[in-house]
Amino acid sequence: MKLTVIGCAGSYAGPDSPPSSYLLQERDEAGRTWNVLLDLGPGSLGTLQRVIDPGELDAVVISHLHPDHYLDVPGLEVYRTYHPEKQMPPLPVYAPQGMRELLTTICYHDEAGIPPGASEPSLQVNTVSHGDVFNVGPLSFTMFRVDHPVETHAIRVGRAGREEAGAYLTFSGDTDACANLTEAARGASIFLSEASYLEGRDDHLRGVHLTGKRAGITAREAGVGTLVLTHIPAWTDSEQTLADARAEFPRSVLATTLATYEVAYPGEGTDND
Ligand SMILES: [Zn+2]
Ligand SMILES: [Zn+2]
C-alpha cells in the first residue's frame, strides 16, 4: 500500500500545503489499483490532480467534520456530477454523522434537487462510528473514536484478510492522546499522526490535539514502525515539533506535500513502484 501526502497543513492552509488529505493506493490480485482518500481539506482537490484524476477515486474516508478535513468534498461532488466528458459511478464517502446535512447546506440542494443532466447523486454518503469495519476493494478500514471536541475517528487501514501486526497504516485524525488512539496504532507500519500543539506553549489545552512529544509517546507505546508527523499549523515551528517527537521516538519524520511512503507486508518486501 502506497501513501501519498496530498495535504499536511494543520487547521488551515499553509504556504506549502493545503490541510489534511492523504491518498492510499493498493493493487488487487487482478492488478487493478484502488485509490482511497483519507480526508479532503480545502484546496487538496487541486493538489490531488497532480497525482491522479479525481474520477479515479474509489472512496473518500473523512475522519471528522471540522472544515480543514472535509471542505473540498463539495468540489469533488461538482467534478463527478458535472464533468462534461466522463461518466463516473456514485462515489462512497464514509464520514461521521452529519456529512449529508453539511453537503445539503453547503451545496444548496439535496439528493432530489440535482439538476437535469446529472442523473444520479455523485456521492454516496455512509455514516460510520466507532468499531465500524468496511472494505474498499482490497483494503479494510477500521474506525476508532478518539479524543477531540467533535466525533472523530482514527482510521486503521490494512489489506483485507492481512490485518496482522505491521501490515497496516494508522491515521490519527485529530486527537489528544487516548487509549483508543494507542490501540488503533498498535503495531502499525506507518503511524500518520497529527501534532498540532507545541510543548510549553499549549500545555493548558487538553482533549483536542497532540504535541510532538505526545505523538512520540503514543508511537513508542504502540510499537509502530515509523511516525509521520502531520497537521502542524503554519504558526508552529515544525522542527521543534519533530525534535520533541524524536526525543520519545527516534523514527519520526515530518510529512511534506507529495511525499510517499510504502506500507510493507510481512514476507513480501516493499513494493516501490
Ligand atoms: Zn484539523
Ligand atoms: Zn479537528
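Here the structure is a predicted model, which means the values were calculated and not measured.

Participant: Lay out the overall build of the protein chain with the relevant residues and their values.
Facilitator: Scanning the protein chain from N- to C-terminus turns up seven helices and 14 strands. Expected size for 273 residues packed as a compact globule is a radius of gyration near 19 Å; at 18 Å, the protein chain falls within 12% of this value. With the model as given, the accessible surface of the protein chain reaches about 11200 Å², and the carbon-plus-sulfur share is 50%. Separation between the mean location of the 19 positive side-chain charges and that of the 37 negative ones in the protein chain comes to 5 Å.

Participant: Please set out the coordination of the zinc ion (ligand 2) residue by residue, giving values where relevant.
Facilitator: Ideal values for angles at a metal depend on the geometry: 109.5 degrees with four tetrahedral donors, 90 or 180 degrees with six octahedral donors. Protein coordination at the zinc ion (ligand 2): the donors are His-64 (NE2), His-66 (ND1), His-148 (NE2) and Asp-174 (OD), at 2.2 to 2.4 Å from the metal. Taken in chain order, the donor set of the zinc ion (ligand 2) reads H-x1-H-x81-H-x25-D. The two metals, the zinc ion (ligand 2) and the zinc ion (ligand 1), are separated by 3.5 Å and share Asp-174 as a common coordinating residue. Of this pair, His-66 sits in the loop between strand S4 (59-61) and helix H2 (67-70) while His-148 sits in the loop between strand S8 (139-145) and strand S9 (153-159), and the two are 82 residues apart along the sequence.

Participant: Outline the coordination of the zinc ion (ligand 1), supporting the account with residue identities and numerical values.
Facilitator: Around the zinc ion (ligand 1), the protein supplies Asp-68 (OD), His-69 (NE2), Asp-174 (OD) and His-231 (NE2) as donor atoms, at distances of 2.1 to 2.2 Å. Each donor residue of the zinc ion (ligand 1) lies on one chain, and together they are spaced D-H-x104-D-x56-H. His-69 gets classed as buried once you look at its relative accessible area, which sits at 0%.

Participant: Mind laying out the pairing of S9, listing which residues take part and the relevant values?
Facilitator: In terms of burial, S9 is a largely internal element, six of the seven residues being buried. Sheet topology note: the S8/S9 ladder contains seven bridges and is antiparallel. Residue Phe-141 lies in a different strand from S9, and its bridge partner there is Val-157. Across four bridges, the pairing between S9 and strand S10 (residues 168-171) is antiparallel. When the bridges of S10 are listed, Gly-158 appears paired with Tyr-168.

Participant: Describe the nonpolar core, and please don't skip the residues or the numbers.
Facilitator: If you look at the biggest cluster of nonpolar residues, it comprises 31 residues, and the most contacted ones within it are Leu-38, Val-61, Phe-141 and Leu-169. Filtering out sequence-adjacent residues up to four positions away, Leu-169 remains in contact with Met-1, Leu-3, Leu-24, Leu-38, Ile-155, Arg-156, Val-157, Ile-190 and Val-263. Counting 22 residues, the second-largest nonpolar core is a separate cluster that includes Ala-215, Ile-232, Ala-245 and Phe-249.

Participant: Can you explain the side chain of His-231? Please cite residues and give values.
Facilitator: By the element assignment, His-231 lies in the loop between strand S12 (226-230) and helix H7 (238-248). Accessibility expressed as a relative area gives 2% for His-231, which makes it buried. Of the polar contacts made by the side chain of His-231, one reaches the side chain of Asp-174; its length is 3.1 Å. Among all residues touching His-231, those that are not within four sequence positions of it are Cys-8, Ala-9, Gly-10, Ser-11, Tyr-22, Asp-68, His-69, Asp-174, Glu-194, Ala-195, Ser-196 and His-209.

Participant: Hey, could you go over the pattern of salt bridges for me, with residue numbers and the actual values?
Facilitator: According to the stated counting rule, one finds eight salt bridges in the structure shown. In this structure, Arg-32 engages Asp-58 in a salt bridge whose closest nitrogen and oxygen atoms are separated by 2.8 Å. One end of the pair, Arg-32, is in the loop between strand S2 (21-27) and strand S3 (33-38); the other, Asp-58, is in the loop between helix H1 (44-48) and S4, with 26 residues separating them in the sequence. Judged by relative accessible area, which is 36%, Arg-32 ranks as partly exposed. Here Asp-58 falls in the buried class, since its relative accessible area comes to 14%. Among the salt bridges present, the one from Arg-186 reaches Glu-183, with a minimum N-O distance of 3.6 Å. Judged by its relative accessible area of 39%, Glu-183 falls in the partly exposed class.

What counts as what
Throughout, a residue's number is its position along its own chain's written sequence, starting from 1. Ligands are numbered from 1 and chains lettered from A, in the order in which they are written. Thresholds applied to this predicted model are a pLDDT of at least 70 for local features of residues and 80 or more for the giving and counting of side-chain atom pairs; totals over whole chains, interfaces and linings are not thresholded and use all residues. Hydrogens and water molecules were not included; the side-chain quantities draw on all heavy atoms of the structure. Only DSSP runs of H or I reaching four residues or more are called helices, and only runs of E reaching two or more are called strands; each is numbered from the N terminus. The globule rule used for comparison is 2.2 Å times the number of residues to the exponent 0.38, while the radius of gyration itself is calculated over C-alpha atoms. Note that accessible areas follow from Shrake-Rupley with a 1.4 Å probe, and for residues the cover is restricted to the protein chains shown. Neither His nor the chain termini are counted; the positive set is Lys and Arg, and the negative set is Asp and Glu. Positions of charges follow a simple convention, taking NZ of Lys, CZ of Arg, CG of Asp or CD of Glu. Here a donor is any nitrogen, oxygen or sulfur atom (N, O, S) within 2.8 Å of the metal, with 3.2 Å used for Na, K and Ca; water is not among the atoms considered, so some sites may look incomplete. Burial classes follow relative accessibility: with a 1.4 Å probe on protein chains only, a residue under 20% of its type's maximum area counts as buried, one over 50% as exposed, and anything between as partly exposed. Paired strands, as defined in this entry, are two strands with at least two bridges between them according to DSSP. Throughout, nonpolar core names a set of buried Ala, Val, Leu, Ile, Met, Phe, Trp, Tyr and Cys residues whose side chains join them through atoms within 4.5 Å. Throughout, a residue-residue contact means that at least one pair of heavy atoms, one from each residue, lies within 4.5 Å. For this analysis, a polar contact is any N or O atom pair within 3.5 Å, provided that within protein one partner can donate a hydrogen and the other can accept it, and provided that sequence-adjacent residues contribute only side-chain to side-chain pairs. We define a salt bridge as a contact between a side-chain nitrogen of Lys or Arg and a carboxyl oxygen of Asp or Glu at a distance within 4 Å.

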